[in-house]
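Chains, contacts and geometry: an overview
One letter stands for each residue in the lines below.
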2 protein chains.
Amino acid sequence: MNTPAAVDTKRAAGLPRKGRIRQEHEAGILRAAERVFARAGFSAATMNGIAQEAGLPKSNLHYYFRTKQAIYRAVLTNILQLWLAPTEVIRDDRHPGDALAHYIRAKMKLTAERPDASRVFANEVLHGAPEIGGYLRRELRALVRDKARVIDGWIARGWMRPLDPVHLFFTIWAATQTYADFDAQVCAVLGRRQLTEADFERATEHVVSLVLQGCGVMNGGPGALLAAGSPR
Amino acid sequence: MNTPAAVDTKRAAGLPRKGRIRQEHEAGILRAAERVFARAGFSAATMNGIAQEAGLPKSNLHYYFRTKQAIYRAVLTNILQLWLAPTEVIRDDRHPGDALAHYIRAKMKLTAERPDASRVFANEVLHGAPEIGGYLRRELRALVRDKARVIDGWIARGWMRPLDPVHLFFTIWAATQTYADFDAQVCAVLGRRQLTEADFERATEHVVSLVLQGCGVMNGGPGALLAAGSPR
DNA sequence: GTCTATAGCCGGATAGAC
DNA sequence: GTCTATCCGGCTATAGAC
């Protein structure tokens, strides 16, 4: 929605080209909105709250986006692109120990760096994905089907034990995103006020080693993994 | 809040004993509220919606619970008890392959049978656990500490590989509850309108085998586990 | 204990001056 | 393009008849 491509589409349709100010304000609004939606969810989030977070008067928001829902949709569109990019490393010219470890690390990095994005997405799906349901049924489903075929290839070559690749994705998504979405619970149990970088490193190595060993692959790239799985 | 103990407390404090009608209506309201809060979250849920779901006029709700928040808290209290009960099987007179498999199956059974409870809990934690944060920091944290000690004992006896028991809990919770909380995403990817019993069985065996193998234990009780590792 | 009517507030959206 | 003032609908909560 904010990409050059989208701008060109609008221009082709005869709408005015976006000025620099407009682009900057729209981006600022979306950043603010992501924070507010993450904290409050869609309905408890207020235009006032977003406006304050963005440092603009409320009615200015309505100038750039017609409705609150339009802002929400734009935020989700940004997130979806971010979310699926890491799957790129899952390709059948790679070894699963390498590819899966990279994938999990990339997902966990996103979780650590963009927790608000994760929470907005979680909230949307938790309430039935009213806005992005179609996207999930089309693009996400097709993507998972492709990647599942790659994993089936690895299994056929004996590089990992037989398992259901689709459920493997569910588990990886859940295990990584829980550190953003359920942050409050994780902090409560760990006795932290907020998660440190060290916490995230520990969490990452935990998930990587559990999943790799769970899949029956144990050479996870540059050494780091074996530390966790050595005995036994 | 609805237990006999709570009633007695109130009586001791001089408040009127709960009549049968009152108990039934309160229970009906809480059941309805769980569904509505699960679908909409706290703020988008309306007293009107809960009243309709419960088959009562709106103002009747205010007779039994002073505020919407009071209903919400009562719903959460019920859920918390439900949620922690399955940890009971994690005791050091059991073998991890047995105990962990039972625990995961119990959690997944709850997820399948009480998805709304899971979603209300998820929504609460996702938004920073404003109501149950104290409970999580005290009771949940203490419980996890105890159970982590049990798992450390299993590791010391060589019954499973060394890993961080606390993060293991995070992973198990995430991997099981995702089938309720992210139900919309799971359905979209699987191409289902809603998850069948067979889907849940498959998911359960997937999580059990991934976690047990990931923990380096492979004798999971009465045989059932090994089936999951067979070809698809 | 139940229900109707309504008070009172809040938030999204808009009109229109600058 | 920006901002103030305001409308309007919907929500929680309560008052008070039955």
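Going by an unreviewed UniProt entry, chain A carries the name TetR/AcrR family transcriptional regulator and comes from Caldimonas mangrovi.

On to the protein's contact with DNA strand C. Close to DNA strand C lie 15 residues; Met-47 of chain A together with Pro-57, Ser-59, Tyr-63 and Tyr-64 of chain B are nearest. Near-protein atoms of DNA strand C (within 4 Å) split between backbone and bases, with sugar and phosphate holding 57%. Within the side chain of Lys-58 of chain A, one N or O atom sits 3.0 Å away from a base nitrogen of DNA strand C. Here Tyr-63 of chain B contributes a side-chain N or O atom positioned 2.8 Å from a phosphate oxygen of DNA strand C. For the surface near DNA strand C, the elements supplying multiple residues, two or more each, are helix H4 (58-64) of chain A together with helix H2 (20-44) and helix H4 (58-64) of chain B. A per-class count over the surface near DNA strand C returns five nonpolar, seven polar and three charged.

Let us look at the protein's contact with DNA strand D. The environment of DNA strand D is made up of 15 residues, and the closest members are Pro-57, Ser-59 and Tyr-64 of chain A together with Lys-58 and Lys-68 of chain B. Backbone sugar and phosphate groups make up 57% of those atoms of DNA strand D lying within 4 Å of the protein. A distance of 3.2 Å separates a phosphate oxygen of DNA strand D from a polar atom in the side chain of Asn-60 of chain A. Note that a phosphate oxygen of DNA strand D is positioned 3.3 Å from one of the backbone N or O atoms of Ala-45 of chain B. The set of elements that each furnish at least two residues to the surface near DNA strand D consists of helix H2 (20-44) and H4 of chain A together with H4 of chain B. For the surface near DNA strand D, the element with the most residues is H4 of chain A, which contributes four residues.

The next point concerns the nonpolar core. If you look at the biggest cluster of nonpolar residues, it comprises 152 residues, and the most contacted ones within it are Ile-71 and Leu-168 of chain A together with Ile-71 and Leu-168 of chain B. Ignoring anything within four residues of it in the chain, the contact list for Ile-71 of chain A reads Ile-29, Leu-30, Ala-33, Phe-37, Met-47, Leu-61 and Phe-65 of chain A.

Residue and element names in this part refer to chain A. Domain annotation for chain A reports domain 1 (9-76) and domain 2 (90-229). Taken residue by residue, the interface counts eleven residues in domain 1 and ten residues in domain 2. At the boundary of domain 1 with domain 2, total buried surface from both sides reaches about 860 Å², with 58% on carbon and sulfur atoms. Remark: the boundary between domain 1 and domain 2 carries two salt bridges. For Glu-131, the salt bridge is made with Arg-73, and the minimal N-O distance between the two is 2.8 Å. On inspection of domain 1 and its partner domain 2, the count reaches four residue pairs in polar contact (both at pLDDT 80 or more). Where the side of domain 1 that touches domain 2 is concerned, the elements lending two or more residues are H2 and helix H5 (68-84). Ranked by the residues each element gives to the side of domain 1 that touches domain 2, the list is headed by H2, at six residues. Its residues placed into classes, the side of domain 1 that touches domain 2 shows six nonpolar, two polar and three charged.

Scanning the model with the defined rule gives three cavities of 30 Å³ or more in all. Taken together, 16 residues form the lining of the largest cavity, with Thr-178, Asp-181 and Phe-182 of chain A together with Asp-181 and Phe-182 of chain B sitting closest to its centre. Looking at the lining of the largest cavity, the elements with two or more residues in it are helix H7 (115-126) and helix H9 (165-181) of chain A together with helix H7 (115-126) and helix H9 (165-181) of chain B. Quantified by volume, the second largest cavity comes out at close to 80 Å³. Lining the second largest cavity we find Leu-80, Trp-83, Leu-84, Tyr-103, Lys-107, Phe-121, Leu-136, Leu-140, Trp-173 and Gln-177 of chain A together with Gln-185 of chain B. Elements with a contribution of two residues or more to the lining of the second largest cavity: H5, helix H6 (96-113), helix H8 (133-156) and H9 of chain A.

The rules behind these values
Residues numbered from 1 in each chain as written. Chains lettered and ligands numbered in written order. Predicted model: local features only at pLDDT ≥ 70, side-chain atom pairs only at ≥ 80, totals over all residues. Heavy atoms only, no water. Near = heavy atom within 4 Å. Polar contact = N/O pair within 3.5 Å; in protein donor to acceptor, adjacent residues only side chain to side chain. Helix = DSSP H or I, 4+ residues; strand = E, 2+ residues; numbered from the N terminus. Nonpolar A, V, L, I, M, F, W, Y, C, P; charged D, E, K, R; others polar. Core = buried A, V, L, I, M, F, W, Y, C linked by side-chain atoms within 4.5 Å. Buried < 20%, exposed > 50% of the residue type's maximum accessible area, 1.4 Å probe, protein only. Contact = heavy atoms within 4.5 Å. Domains from an automatic or database assignment. Buried area = accessible area lost by both parts, 1.4 Å probe. Salt bridge = Lys/Arg side-chain N within 4 Å of Asp/Glu carboxyl O. 1 Å grid on protein atoms, 1.4 Å probe; cavity = no way out; pocket = protein on both sides within 12 Å on 5 of 7 lines; lining within 4 Å. Points joined across faces, edges and corners; volume = space filled by probe spheres on them.

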